[in-house]
Amino acid sequence: MLWNALLLALREIRRNVLRSFLTILGIVIGVAAVIVMVTLGGGATAQVTEQISSLGTNLLMVRPGQRMAFGQMSAAKQFDMADVEAIERHISSVLAVAPASSSPITAVYGNRNWSTSVNGVDNRYFPVRNWSLAKGREFTDSELRAGSSVCILGETVRRELFGSQDSLGAKLRLKKLSCEVIGVLESKGQSTMGSDQDDLVLMPLRAFQRRIAGNRDIGLIQVSVRDGVSTEQVKQKIEEHLRIRRHIAANEDDDFQVLDMKEIAQMLAGTTQVLTALLSAVAAVSLLVGGIGIMNIMLVSVTERTREIGIRLAIGALEREVLLQFLVEAVVLSSFGGLIGIALALGASVLLADLMQIPFVFNPGIVVLAFMFSAAVGVIFGYFPARKAARLDPIEALRHE
Amino acid sequence: MPDSAPPLKPALIELAAVTKVYGSGEAAMQALRGIDLRIEAGDFVAVMGPSGSGKSTCLNILGCLDTPSAGSYRFEGVEVGALTRDQRAELRRHYLGFVFQGFNLLNRTSALENVELPLLYRGVPVAERHRLARRALDAVGLSGWEGHTPGELSGGQQQRVAIARAIVTEPDVLFADEPTGNLDTARSKEIMELLTVFNREQGITIVMVTHEADMAAYARRIVRFVDGQVDSDLRAGEST
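Residues numbered from 1 in each chain as written. Chains lettered and ligands numbered in written order. Predicted model: local features only at pLDDT ≥ 70, side-chain atom pairs only at ≥ 80, totals over all residues. Heavy atoms only, no water.

A. Summary view of the overall build of chain A. Broken down by element type, chain A carries 13 helices and 10 strands. In terms of overall dimensions, chain A is more spread out than a globule: its C-alpha atoms have a radius of gyration of 33 Å, far above the 21 Å expected for 401 residues. In chain A, once contacts between residues fewer than 6 apart in sequence are set aside, the share between residues at least 24 apart is 78%. Accessible area for chain A stands at about 19,400 Å²; split by element, carbon and sulfur atoms hold 59% of it. Seen as two clouds, the 40 positive and the 38 negative side-chain charges of chain A have centres 2 Å apart. (Helix = DSSP H or I, 4+ residues; strand = E, 2+ residues; numbered from the N terminus. Rg over C-alpha atoms; globule rule 2.2 N^0.38 Å. Contact = heavy atoms within 4.5 Å. Areas by Shrake-Rupley, 256 points an atom, 1.4 Å probe, with all protein chains shown as cover. Lys, Arg positive; Asp, Glu negative; His and termini not counted. Charge placed at Lys NZ, Arg CZ, Asp CG, Glu CD.)

B. Local environment of the sheet that holds strand β6 (residues 96-99) of chain B. Residue and element names in this part refer to chain B. In spatial order, the strands read β6-β7-β8-β3-β9-β10; together these 6 strands make up an open sheet with mixed pairing. Looking at strand neighbours, the two that pair on one side only are β6 and β10 (229-235), the edges of this open sheet. When the angles between neighbouring strand axes are averaged without regard to direction, this sheet yields 15°. With 5 bridges joining them, strand β7 (residues 173-177) and strand β8 (residues 205-209) adopt parallel strand pairing. Note that in β8 the partner of V173 across the bridge is T205. Along the sheet, helix α5 (residues 155-167) contacts β6 and β7; its crossing angle with β6, the most-contacted strand, is approximately 170°. (Pairing = 2+ DSSP bridges. Axes fitted to C-alpha atoms, helices over the stretch in contact; angles between N-to-C directions.)

C. Looking closely at the pairing of strand β1 (residues 13-22) of chain B. All names here are of chain B. Examined bridge by bridge, β1 and strand β4 (residues 70-75) share 5 bridges and lie antiparallel to one another. Opposite E14, over in β4, you have R74 as the bridge partner. Pairing analysis gives 8 bridges linking β1 to strand β2 (residues 29-39), with the strands arranged antiparallel. Bridge assignment links T19 to a residue of β2, and that residue is R33.

D. Molecular detail of the pattern of salt bridges. Applying the stated rule across the entire model yields 30 salt bridges over all chains. Taking the shortest distance from any N to any O, the salt bridge between R124(A) and E88(A) comes out at 2.5 Å. Of this pair, R124(A) sits in the loop between β3 (112-121) and α4 (125-129) while E88(A) sits in helix α3 (residues 81-90); the two residues are 36 residues apart in sequence, bridging distant segments of the chain. Note on E88(A): relative accessible area 38%, which makes it partly exposed. In this structure, the salt-bridge partner of E146(B) is R134(B), at a minimum N-O distance of 3.8 Å. Of the two residues, E146(B) sits in the loop between α4 (126-139) and α5 while R134(B) sits in helix α4, which places them 12 residues apart along the sequence. Judged by its relative accessible area of 42%, R134(B) falls in the partly exposed class. (Salt bridge = Lys/Arg side-chain N within 4 Å of Asp/Glu carboxyl O. Buried < 20%, exposed > 50% of the residue type's maximum accessible area, 1.4 Å probe, protein only.)

E. Local environment of the side chain of D254(A). Residue and element names in this part refer to chain A. Within the secondary structure, D254 is located in the loop between α8 (231-245) and β10 (256-260). Here R243 takes part through its side chain, which lies 2.2 Å from a polar atom of the side chain of D254. Once residues within four sequence positions are removed from consideration, D254 is found in contact with Q66, E239, R243 and I248. (Polar contact = N/O pair within 3.5 Å; in protein donor to acceptor, adjacent residues only side chain to side chain.)

F. How the structure looks around helix α1 (residues 55-62) of chain B. All names here are of chain B. Judged by how many residues are buried, α1 sits mostly within the fold: 7 of 8 residues are covered. All of the buried residues in α1 are K55, T57, C58, L59, N60, I61 and L62. C64 sits one or two positions beyond α1 and adopts a positive phi of about 60°.

G. Representation of the nonpolar core in the model. By size, the foremost hydrophobic cluster in this structure holds 83 residues, and its most contacted members are I13(B), Y73(B), F75(B) and F175(B). Listed in part, the 39 residues of the second largest apolar core include M48(B), L174(B), I206(B) and A216(B). (Core = buried A, V, L, I, M, F, W, Y, C linked by side-chain atoms within 4.5 Å.)

H. Spatial organisation of the layout of surface pockets. Space inside the second largest pocket adds up to approximately 570 Å³. Taken together, 27 residues line the second largest pocket, and the ones lying closest to its centre are I395(A), R399(A), S56(B), N60(B) and D177(B). Contributing elements (two or more residues each) for the lining of the second largest pocket: α13 (394-399) of chain A together with β2 and α1 of chain B. Among the elements that line the lining of the second largest pocket, the one with the most residues is α1(B), at 5 residues. (1 Å grid on protein atoms, 1.4 Å probe; cavity = no way out; pocket = protein on both sides within 12 Å on 5 of 7 lines; lining within 4 Å. Points joined across faces, edges and corners; volume = space filled by probe spheres on them.)

I. Summary view of the interface of chain A and chain B. Taken together, the contact between chain A and chain B spans 26 residues of the former and 25 residues of the latter. Both sides of the chain A and chain B interface together cover about 2,200 Å² of buried area, and 51% of this is carbon and sulfur. The largest share of the area that chain A buries against chain B comes from R15(A), I315(A) and I395(A), three residues that together contribute 25% of it. Our enumeration of links across chain A and chain B arrives at 3 salt bridges. For E319(A), the salt bridge identified is with R85(B), shortest N-O distance 3.0 Å. At the boundary of chain A with chain B, the tally comes to 12 residue pairs in polar contact (both at pLDDT 80 or more). (Buried area = accessible area lost by both parts, 1.4 Å probe.)

So, in structure tokens, the structure goes:
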């Protein structure tokens, strides 16, 4: 009986190809949208996680001031070299401590200029940030000690100022300082927050303090933690230590901040997941609308085929047999919609993932789920019209024109 | 059932004081006002009467498509009024065949598939279904037309497909509601001769509603309805 109902349904769908297609369009779009959202969302999450781990998940960033509103920091006393040394000396399980200070600046070379930021660092910056040079060399000890006018460029700065020219050995101007290029960093691309990580110039910390900033402040201390040690514990120890050093009373809030990159990674991945879920929910609404479309057409179909139903009932079809016939038709329709939607979604996901430069992460779970859901839509929205058909009075139905 | 059934056995069809009322209150319309009718197996009964005399209502009740408001309808001794909707459907499926004035074939469906339809609901396997349907189409003189859809057939041919559909299950009773109403005289004669053959040779009881005396003349018994009551009930050869 089920097999017969299936054949009947297929014949009925073939009979009205255009209408059937328009009927299932809602399901097609709904299924495709849900799958695309989940697939791209999965890709984005994977990318975030990967980028953060390339930054080093065992990295702590210590900054003065407290985060207030989005992106704003309250004013507070900056760190100095003594803080860096104190952390290095007093906190165990610290692999490296890299001080840094930065300010926005315009770099000029020949007739080109480029707005970027200049960072005073020392050689510990490279291992801590998990970053290496594409060309040239790191700073020498004497350059660091003397605060020589040398710099290492990020890939973006190199490209904007030098293009295809050789940059090593060239002298570029930062404010009034003439600065020799001794190296170029490997490209890291965009960060998860969307900023260009390669848009920076590095120079010896002492040179930056003396000749650019004119003070001895340190704006950022990056701390890398030994593998297998809880970053959470190290973070707590640094916080306790800095509170003492900065004379913060027990009832006062910290006037500095220790950011755990692992925490940030989790937070960002969480945000992406929430966004994905939200978008998928919106897409799921279109699935629902598609289901209502199917119900509408099935109701029309029942009215159109009242006479046929009357004939079937007169010949001896049971209520449940007529019900099954129309239910199967609705389910076959919506399942077709689901299958087409899946095919469409996979194609679109591959294409969009490529376009948005995120990895294509195939998620078989959501494909199966979307298909089941589309079939369920057929059952739910097909039931009402099917019941209407099955309960027709055979005499009335036969009289129907 | 054979004609020589023992007399104690109940008749194939027994109506006793059957009434049918449509609507209620002041708008109530009494379509049948106490019908008593016995039809023996193998008979060929024509039900005649003017429009609104209740003959179609009576046929719907006999065909188990409708139930009486009061009174008793026994089919082979079974009280039909006590059956559920699905039980009546089963009864139609196994014992009854229908031929309608408007043919009532499925559109855009081949003659063969139309004839196979009742077998499908009986769960007959596909090969057997084809065989029986072809045989039935052959019996109504339509071999070679199996693949044609109703739209490609003449009225007479469509009615013959409908008859093939009704007799393919070898029913006990065939109910015909104005089977020749939409056909010209020559086609009507063909259809009536076909019905007569099935009645005589296969022993299928036929109950036919018609308002044409020419067609009623093919029957062995003529029941005349007036105002929801049996006015006269004559066997062929008897006169009013």
